[in-house]
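Structural overview
Below are the chains, spelled out letter by letter.
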Amino acid sequence: MSERIYNVLFLCTGNSARSILAESILNHEFDGRFKGYSAGSFPMGRVHPVALDLLDSLGHDTSYFRSKSWDEFSGSNTPQLDFVFTVCDNASNETCPVWVGHPMTAHWGIPDPAAVEGNRAEQYAAFQSAYRMMLNRISLFASLPLSSLDSMSLKNQLKEIGTREYPSEQEA
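For the structure given in this document, a descriptive report is provided here. Computed from a predicted model, the values in this text were never measured in an experiment.

Helices and strands together make up the secondary structure of the protein, namely 5 helices and 4 strands. Shown N-terminal to C-terminal, the secondary structure of the protein runs as helices and strands in the order β-α-β-α-β-α-β-α-α. If one aligns the C-alpha atoms of the protein with their principal axes, the spans along those axes are about 45 × 35 × 35 Å. When the 13 positive and 20 negative side-chain charges of the protein are each reduced to one mean point, those points stand 3 Å apart.

The subject of this paragraph is the pairing of strand E4 (residues 104–107). Side chains of E4 alternate between two faces, with Met104 and Ala106 buried and Thr105 and His107 left unburied. Note that strand E3 (residues 83–86) and E4 share 4 bridges and pair parallel. Note on E4: the bridge partner recorded for Phe85 is Ala106.

Burial analysis of strand E1 (residues 6–12) places 7 of its 7 residues in the buried class, which makes it a mostly covered element. Taking every second residue as pointing to the same face, both faces of E1 are buried, with Tyr6, Val8, Phe10 and Cys12 on one and Asn7, Leu9 and Leu11 on the other. As paired elements, E1 and strand E2 (residues 34–40) share 7 bridges and run parallel to each other. Across the sheet, the residue bridging to Asn7 is Lys35, located in E2.

The next subject is the layout of surface pockets. Approximately 210 Å³ is the volume attributed to the largest pocket. Surrounding the largest pocket, 17 residues form its lining, Cys12, Thr13, Arg18, Cys88 and Asp112 being those nearest its centre. Class assignment of the residues belonging to the lining of the largest pocket gives a composition of 8 nonpolar, 6 polar and 3 charged. By volume, the second largest pocket is sized at about 160 Å³. In the lining of the second largest pocket, the residues fall into 7 nonpolar, 4 polar and 2 charged.

Attention now moves to the environment of Cys88. Mapping Cys88 onto the fold places it in the loop between E3 and helix H3 (89–92). Using a relative accessible area of 2% as the deciding quantity, one classes Cys88 as buried. It is 7.9 Å that separates the C-alpha atoms of Cys88 and His107, two residues lying 19 residues apart in sequence. Setting aside residues no more than four positions away along its own chain, Cys88 makes contact with Leu11, Cys12, Thr13, Arg18 and His107.

Each pair of aromatic rings is reported with the distance of its centres and the angle of its planes. Within the structure shown, the criterion is met by 11 aromatic pairs. Ring geometry for Tyr64 versus Phe65: centroids 4.4 Å apart, planes at 35 degrees, classification tilted. Sitting above the plane of the Tyr37 ring, Lys35 keeps its charged end 5.3 Å from the centroid.

Another aspect to go through is helix H2 (residues 49–57). Along an α-helix, residues three or four positions apart point the same way, because every turn accommodates 3.6 residues. Burial in H2 covers these residues: Val50, Ala51, Leu54 and Leu55. Considered in projection along H2, the buried side chains sweep an arc of 130 degrees and stay on one side of the axis. The inward-facing, buried residues of H2 abut helix H1 (18–29) and helix H4 (120–143). Two residues or fewer past H2, Gly59 is found with a positive phi of approximately 85 degrees.

Our next topic: the environment of Leu58. Note that Leu58 resides in the loop between H2 and E3. Considered as a pair, Leu58 and His28 are 30 residues apart in the sequence and their alpha carbons are 9.9 Å apart. In contact with Leu58, other than residues within four places in its own chain, are His28 and Tyr131.

Conventions adopted
Residues numbered from 1 in each chain as written. Predicted model: local features only at pLDDT ≥ 70, side-chain atom pairs only at ≥ 80, totals over all residues. Heavy atoms only, no water. Helix = DSSP H or I, 4+ residues; strand = E, 2+ residues; numbered from the N terminus. Lys, Arg positive; Asp, Glu negative; His and termini not counted. Charge placed at Lys NZ, Arg CZ, Asp CG, Glu CD. Buried < 20%, exposed > 50% of the residue type's maximum accessible area, 1.4 Å probe, protein only. Pairing = 2+ DSSP bridges. 1 Å grid on protein atoms, 1.4 Å probe; cavity = no way out; pocket = protein on both sides within 12 Å on 5 of 7 lines; lining within 4 Å. Points joined across faces, edges and corners; volume = space filled by probe spheres on them. Nonpolar A, V, L, I, M, F, W, Y, C, P; charged D, E, K, R; others polar. Contact = heavy atoms within 4.5 Å. Phe/Tyr/Trp six-rings, centres within 6.5 Å; stacked < 30°, edge-to-face > 60°. Lys NZ or Arg CZ within 6 Å of the ring centre and 35° of its normal. Arc of directions from axis to C-beta.

Right under this line is the structure:
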């Protein structure tokens with residue numbers, strides 16, 4: 001008997017950077033145990049090119065990424081979600097759709113690398129930092145004994161993951 005696969009949706013406002021990174025990390029690093037998705041409340045209509053460049057450089061498959069609305073995950077013909085994580089502060093304050101299956105939710109705010117207006121190297125560094133922060137959080141999440149935690153304990157663990165401090169790029 002194979003282990004259950006958990007469906008995880010990462011939400012951001014634009015679905016062009018942070019939520020895309022998170023979806024890619026979960027699918028690339030933890031394939032077979034999780035299926036990651038991403039969406040936005042007001043999708044940009046395109047994935048940020050630096051996000052795609054970074055993911056490509058790390059060996060992630062980026063061929064399927066597109067910026068999409070969270071409405072694609074609120075209907076009856078969508079995957080039943082087990083977890084929904086907001087990864088930007090704007091999305092965490094918005095009224096989300098009613099998700100099929102009533103998934104567990106948490107906020108894992110990450111600074112927006114797409115907001116960096118510096119040169120290409122500065123933008124790339126911001127995306128690398130966001131990637132590392134997201135990888136740390138997702139790795140902690142993936143290490144949880146999901147099937148043996150009660151609902152309250154799991155909720156507390158997910159909240160703690162989102163509030164942890166991580167070393168800056170210089171300390172890493």
